[in-house]
Amino acid sequence: MYEIDFLKVGTDEKSGDAIAVRFAAGGRWVVIVVDGGFVDVGYELVHLIRTLYGTTHVDLVISTHPDADHINGLTPVLENLQVDELLIHLPRLHRSDVSSWGMDAIDDLVRLARRCSVTVTEPFTGLTRFSGALTIVGPTIDYYESLLDTAKLGELRAMVASKGVGAAIELAVRKLARQTLDHLPVETLTDLGETSERNNSSVITLLTVDGERVLLTGDAGIPALTYAADYLELLPSTSLPLAVFQAPHHGSRHNVGPSILNRILGLETYLKRGEAIISASDKAPKHPSPKVVNALMRRGYETLTTEKAGICFPNQMPSRPGWSRAIPLLPLDESGEEDD
């Protein structure tokens with residue numbers, strides 16, 4: 001048995017990730033947290049774990065990468081709950097010049113963890129916990145270090161690509177008026193999407209519980225997911241379709257393409273394979289991408305977002321009074337989406 005809670009994260013146009021999980025292993029409940037969103041969402045995670053999970057003990061916290069919408073909310077988690085272990089990358093152990101790698105957030109969280117007697121471990125491909133129920137499938141240490149070498153170039157590319165406030169407002173208005181379709185259009189998503197080195201450094205986590213697999217991807221992009229797919233295909237459970245797939249980077253079309261989705265999710269099908277979750281603010285202009293939403297549906301994944309409320313899997317737990325079943329998205333009109 002397992003429960004996965006994707007909290008609603010969003011500050012105006014900025015999306016984020018905050019995930020709590022509990023599952024039965026070794027005759028007890030295991031509780032993990034994957035990212036914490038912004039600080040206010042971190043307190044919501046603490047409340048959820050105390051009230052719905054009925055505990056103040058967290059076995060494992062994973063910081064996928066040091067962006068504010070993922071890491072900042074982990075501070076309240078470490079301050080207010082009893083955490084055993086923190087998985088987080090430590091760039092200074094790999095390169096001398098990491099000034100552009102979000103070091104303040106990393107340093108602050110690691111210092112807090114050590115003050116709280118929390119074990120700090122770097123998560124690289126092959127690391128397992130809880131008798132194999134949790135496996136890190138990306139990044140490899142070699143790939144991570146290659147990303148550190150090019151971090152400054154990635155930040156420069158992101159700055160040049162910035163469109164400014166006016167364009168963002170225009171996109172937000174377009175999103176509010178997005179159109180649904182009664183059928184899936186022909187696929188227009190391409191394999192040309194690119195994201196930053198920091199996003200590609202995201203920890204990619206596989207959970208295997210009760211014969212079901214769950215893949216949590218942070219903000220990983222196509223190359224990072226490709227390395228993860230290489231490792232996934234070596235595991236004995238590779239024939240099992242994913243029951244839950246977290247679409248990376250809040251459903252951005254820059255992070256996935258048809259080829260990697262085919263490898264991870266399977267080819268197009270009329271049958272339901274599982275459910276895809278997209279953590280996206282209701283005001284984020286580009287999240288989720290209609291092209292990504294439709295691509296997930298083509299591969300048999302009902303797609304849900306946290307735009308209106310948090311989501312719990314299985315959808316939704318019948319033991320939670322007041323919770324209602326989340327409604328999957330319908331196919332979306334892609335005609336208003338830019339091709340940048």
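Look up a bit, the structure's there.
Here is a short report on the structure shown in this document.

Some thoughts on empty space enclosed by the protein
A probe as big as a water molecule, rolled over the atoms, marks out the empty space that is left.
Thought 1: Scanning the entire structure with this criterion turns up two cavities of 30 Å³ or more.
Thought 2: One number sums up the size of the largest cavity: a volume of about 60 Å³.
Thought 3: What lines the largest cavity is Ser63, Thr64, His65, Pro66, Ile71, Ile88, His89, Trp101, Ile106, Tyr144 and Ser201.
Thought 4: Reported here for the second largest cavity is a volume of approximately 30 Å³.
Thought 5: Looking at side-chain class alone, the lining of the second largest cavity contains seven nonpolar, no polar and no charged residues.

Side note on the packing of aromatic side chains
Thought 1: Tallied over the entire structure, the rule returns five aromatic pairs.
Thought 2: Here the aromatic rings of Phe6 and Phe313 are separated by 5.8 Å at their centres, their planes lie at 90°, and the arrangement is edge-to-face. With Phe6 in strand 1 (residues 2-6) and Phe313 in strand 16 (residues 311-313), the pair connects residues that are 307 residues apart, well separated along the chain. For the residue pair Phe6 and Phe313, the accessibility class agrees, reading buried in each case.
Thought 3: Taken together, a centroid distance of 4.7 Å and an interplanar angle of 40° make the contact between Tyr143 and Tyr227 tilted. Placement of the pair is Tyr143 in helix 5 (residues 141-149) and Tyr227 in helix 9 (residues 222-232), with a sequence separation of 84 residues.
Thought 4: Overall, Tyr143 belongs to the buried group, its relative accessible area being 9%.
Thought 5: Taking the relative accessible area as the measure of exposure, Tyr227 reaches 41% and is therefore partly exposed.

Cut-offs and rules
- Residues numbered from 1 in each chain as written.
- Predicted model: local features only at pLDDT ≥ 70, side-chain atom pairs only at ≥ 80, totals over all residues.
- Heavy atoms only, no water.
- 1 Å grid on protein atoms, 1.4 Å probe; cavity = no way out; pocket = protein on both sides within 12 Å on 5 of 7 lines; lining within 4 Å.
- Points joined across faces, edges and corners; volume = space filled by probe spheres on them.
- Nonpolar A, V, L, I, M, F, W, Y, C, P; charged D, E, K, R; others polar.
- Phe/Tyr/Trp six-rings, centres within 6.5 Å; stacked < 30°, edge-to-face > 60°.
- Helix = DSSP H or I, 4+ residues; strand = E, 2+ residues; numbered from the N terminus.
- Buried < 20%, exposed > 50% of the residue type's maximum accessible area, 1.4 Å probe, protein only.

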